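What follows is each chain in one-letter form.
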Amino acid sequence: MTEAMVRIEDAHKRFGKLEVLRGVTTNIARGEVVVLLGASGSGKTTLLRCINHLETLDGGRIYVDDEMVGYREAKGKLVEDKHSAIAKKRAQIGMVFQRFNLFPHLTAIGNVIEAPIRVKKMAKSDAEELARQLLTKVGLAGKMDEHPNRLSGGQQQRVAIARALAMQPKLMLFDEPTSALDPELVGEVLDVMKELAAEGMTMIVVTHEIGFAREVADRVVFMDEGVVVEEAPPLELLESPQHERTKEFLSRIL
Amino acid sequence: MNELLAIRFDFDTFWDFLFDPIIFKGLWETLKITTLAMIFGVLLGVVLAIMRVSKNPVASSAAGLYVWFWRGTPVILQLLLFFFGLKQLIDEDIFRDNWTRFRAAVIIFGLNEAAYMAEIGRAGILSVESGQMDAAKSLGMTNLQAMRRIILPQAVRVMVPPTGNEFIALLKNTSVLFAIGIVELTNAAKLQASRNFRFMELYSVAAVWYLMVVTVFSIAQAELERKLAAGERDQPETLFSRVIKVMGGSRG
């Protein structure tokens, strides 16, 4: 077992002619909180989606806990894994989406218990107990039986975090979790994420919340045009960026 | 003009035949065939819809081919082809004994209906945001689990109104079953009218029963749509819920 929870080696991804990832290499250590920073179109969301194989790779390797997600190696070539094998690995990686993607036909608690029951074959009563704990943890003890459309954006995103945590993942991916929220609702979601970070969860967070990066991240990775331009602890990267492109980006958003 | 052939509409005859066992038997035949064919068609149609949206090229083109044939030929021709045609080809007693008019009607109408349901199902599945599949997959669900537990329950809401139309269309289309000699509602009225020459009265009786069934079905469908909309902020008011409210019922 290595120290790295995620190893990204020369990841390449194309959408048609557009090269979105052009050789990304970086490691994320166990328990580390990494913020991916970059302009839209820089490839950060795509990189995140490649980690749990929601997107296929066109080149390179991504290992989570020393295992590839979605691929196995046969004679030096990558072969896509079977559906069930991919699903099994995805179950260990939580993901939170910009648009929440809660299941609208299920209640808050229904959203949280679905995967533990179906995927982990957990008993319904156990899953409900777990879901109650998690929803209480994210501050939604009183909203368990509400359908998503009766919840605010911030509440929905907290249910989505509880839903991901119910699978007891070893890694959490956050794809711009606060970008779709009204400004006054951003804080409640970031608070939950901070708590999670404090508990030692390994997290990769795509966000424009510089305050969160500064306060919570162990490292900030700045991406531009499909490559990692520079990476450093937040204060270092945010206060004294080394590269022109980083400086230019920061000057635009700070 | 001869008294006996008076063109006047005879209400007594109309009322008599409205509740006549001959008509009821035809109506029952119509309802049985429609319901069974619809159930068969919906189930097969959903499978075909999943095949059509699947990334597997064999599955999606097989489903495409299926829809192409069953949607591209008249249902009356399909009945003739597969009822009489198969009997000609398969000269085995066991087949001839089991390939009854009724079974052929249910199966052929079901196969035909499945082609239309496949398109409705496909539209329903595609109407569900792609983020739903992403979320389901990210939780470790297999494609089948995601389809069954997450995508289809949402697709169904979109599928119910056009499926209702399909049911009504199918109900009426069963009248072409005279082609293979089934005495359903229209054919029952036709046969009776050819005996007593009361065409207007008997065809009116048949029309009334079609309308009755469609009306009852529409109310049930509206109620189902209301139920499926549970959890949406604005629950659409249906004819049924409105009637109940007007009558002082307690439901909202």
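Residues numbered from 1 in each chain as written. Chains lettered and ligands numbered in written order. Predicted model: local features only at pLDDT ≥ 70, side-chain atom pairs only at ≥ 80, totals over all residues. Heavy atoms only, no water.

Draft legend 1. Highlighting the overall build of chain A. On a plain count of helices and strands, chain A comes out with nine helices and twelve strands. For chain A, the C-alpha radius of gyration of 18 Å lies close to 18 Å, the compact-globule estimate for 254 residues. The C-alpha extent of chain A, read off along each of the three principal axes, is 50 × 50 × 35 Å. In chain A, buried positions account for 57% of the 254 residues. For chain A, contacts bridging at least 24 residues in sequence account for 64% of all contacts bridging at least 6. Positive and negative side-chain charges in chain A, numbering 34 and 38 respectively, have mean positions lying 7 Å apart. (Helix = DSSP H or I, 4+ residues; strand = E, 2+ residues; numbered from the N terminus. Rg over C-alpha atoms; globule rule 2.2 N^0.38 Å. Buried < 20%, exposed > 50% of the residue type's maximum accessible area, 1.4 Å probe, protein only. Contact = heavy atoms within 4.5 Å. Lys, Arg positive; Asp, Glu negative; His and termini not counted. Charge placed at Lys NZ, Arg CZ, Asp CG, Glu CD.)

Draft legend 2. The arrangement of the sheet that holds strand S4 (residues 59–64) of chain A in detail. All names here are of chain A. With respect to topology, four strands assemble into an open sheet ordered S2-S1-S4-S5, the strand pairing being antiparallel. In this open sheet, the two strands that pair with only one neighbour each are strand S2 (18–29) and strand S5 (67–68). In the sheet, strand S1 (residues 4–15) pairs with S4 via five bridges, with the strands oriented antiparallel. Pairing of histidine 12 across the sheet is with glycine 59, part of S4. (Pairing = 2+ DSSP bridges.)

Draft legend 3. Representation of the packing of helix H8 (residues 143–173) of chain B against helix H10 (residues 199–228) of chain B. All names here are of chain B. It is at 10 Å that the axes of H8 and H10 come closest, and there the two elements cross at 170 degrees. Judged on the interaxial angle alone, H10 and H8 are roughly antiparallel. Here Val156, Arg157, Val160, Pro161, Gly164, Phe167, Ile168, Leu171 and Lys172 of H8 come into contact with H10, specifically with Tyr210, Val213, Val214, Phe217, Ser218, Gln221, Leu224, Glu225 and Leu228. Of the residues that constitute the contact of H8 with H10, the class distribution is twelve nonpolar, three polar and three charged. (Axes fitted to C-alpha atoms, helices over the stretch in contact; angles between N-to-C directions. Parallel < 35°, antiparallel > 145°, perpendicular 65-115°, else oblique. Nonpolar A, V, L, I, M, F, W, Y, C, P; charged D, E, K, R; others polar.)

Draft legend 4. Structural detail: the pattern of salt bridges. All names here are of chain A. This model, assessed by the stated rule, comprises 32 salt bridges over all chains. Residue glutamate 67 pairs with lysine 89 through a salt bridge whose shortest N-O separation is 3.7 Å. Highlighted residues: glutamate 67 in strand S5 and lysine 89 in helix H2 (residues 83–90), separated in sequence by 22 residues. (Salt bridge = Lys/Arg side-chain N within 4 Å of Asp/Glu carboxyl O.)

Draft legend 5. Summary view of helix H2 (residues 21–53) of chain B. If you check H2 of chain B, its first and last C-alpha atoms are 47 Å apart, about what 33 residues at 1.5 Å a residue would give, namely 48 Å. The N-cap residue of H2 of chain B is aspartate 20 of chain B: its side-chain oxygen and the backbone nitrogen of isoleucine 22 of chain B are 2.7 Å apart. (Expected span 1.5 Å × (residues − 1). Polar contact = N/O pair within 3.5 Å; in protein donor to acceptor, adjacent residues only side chain to side chain.)

Draft legend 6. Geometry of the nonpolar core. Counting residues in each nonpolar core, the largest one holds 79 residues, and the members touching the most others are Val6, Ile8, Ile51, Leu171 and Ile204 of chain A. In terms of residue count, helix H6 (residues 101–127) of chain B provides more of this core than any other element does, twelve residues in total. The contacts of isoleucine 8 of chain A, once residues within four sequence positions are left out, are Val24, Thr25, Thr26, Asn27, Ile28, Leu47, Ile51, Arg61 and Ile62 of chain A. With 54 residues, the next largest nonpolar core counts Ala160, Ala166, Val189 and Val192 of chain A among its residues. (Core = buried A, V, L, I, M, F, W, Y, C linked by side-chain atoms within 4.5 Å.)

Draft legend 7. Geometry of the interface of chain B and chain A. Facing the 22 residues of chain B at the interface are 26 residues of chain A. Across the interface of chain B and chain A, roughly 2200 Å² is buried in total on both sides, 54% from carbon and sulfur atoms. The interface formed by chain B and chain A holds two salt bridges in total. Linking chain B with chain A are six residue pairs in polar contact (both at pLDDT 80 or more), by the criterion used here. Of all the elements in the fold, those that place two or more residues in the side of chain B that touches chain A are helix H7 (130–138) and H8 of chain B. (Buried area = accessible area lost by both parts, 1.4 Å probe.)

Draft legend 8. Representation of the packing of aromatic side chains within the structure. Tallying each qualifying case throughout the model produces 16 aromatic pairs over all chains. Residues phenylalanine 222 of chain A and phenylalanine 249 of chain A carry aromatic rings whose centres are separated by 5.2 Å and whose planes lie at 40 degrees to one another, so their mutual orientation is tilted. Of this pair, phenylalanine 222 of chain A sits in strand S11 (residues 219–224) while phenylalanine 249 of chain A sits in helix H9 (residues 244–253), and the two are 27 residues apart along the sequence. For phenylalanine 249 of chain A, a relative accessible area of 4% puts it in the buried group. Between phenylalanine 95 of chain B and tryptophan 99 of chain B, the aromatic rings sit 5.7 Å apart at their centres with planes inclined by 25 degrees, giving stacked as the arrangement. (Phe/Tyr/Trp six-rings, centres within 6.5 Å; stacked < 30°, edge-to-face > 60°.)

Draft legend 9. Main features of H9 of chain A. Residues and elements named next belong to chain A. Along H9, the residues that are buried comprise Thr246, Phe249 and Leu250. In an axial view of H9, the angular spread of the buried residues amounts to 95 degrees, which keeps them on one side of the axis. For H9, exposure combined with an orientation more than 90 degrees from the buried face picks out Glu244, Ser251 and Arg252. Tucked into the core, H9 has its buried residues touching strand S3 (33–37), S11, strand S12 (227–232) and helix H8 (234–239). (Arc of directions from axis to C-beta.)

Draft legend 10. Representation of the environment of alanine 232 of chain A within the structure. Residues and elements named next belong to chain A. On the secondary structure map, alanine 232 appears in strand S12. Between the C-alpha atoms of alanine 232 and valine 34, which are 198 residues apart in sequence, the distance is 9.8 Å. For alanine 232, the residues in contact, after removing those within four places along its chain, are Arg219, Val220 and Leu237.

Draft legend 11. Region of the structure containing the sheet that holds S11 of chain A. All names here are of chain A. With mixed pairing, the six strands of this open sheet are ordered in space as S8-S9-S10-S3-S11-S12. Each edge of the open sheet carries a strand with a single partner, namely strand S8 (93–96) and S12. Sheet twist, expressed as the average angle between the axes of neighbouring strands with direction ignored, equals 20 degrees. The pairing of S3 with S11 spans four bridges and is parallel.

Draft legend 12. Spatial organisation of the packing of H2 of chain B against H10 of chain B. Residues and elements named next belong to chain B. The geometry of H2 relative to H10 is characterised by a closest axis approach of 11 Å and an angle of 40 degrees between their N-to-C directions. What the angle tells us is that H2 and H10 run oblique. Crossing angle aside, the handedness with which H2 passes H10 is right-handed. Residues Ile23, Phe24, Leu27, Thr30 and Leu31 of H2 form the contact with H10, whose participating residues are Leu202, Val205, Trp209, Tyr210 and Val213. Along the lines of polarity and charge, the residues of the contact of H2 with H10 split into nine nonpolar, one polar and no charged. (Left-handed = near helix turned anticlockwise from the far one by under 90°.)

Draft legend 13. A look at the side chain of threonine 13 of chain B. Residues and elements named next belong to chain B. Mapped onto the secondary structure, threonine 13 falls in helix H1 (residues 11–18). Threonine 13 gets classed as buried once you look at its relative accessible area, which sits at 12%. Threonine 13 has contacts with Arg198 and Glu201, leaving out every residue within four places of it along the chain.

From the geometry alone we can't say anything about function, so treat these as descriptive.
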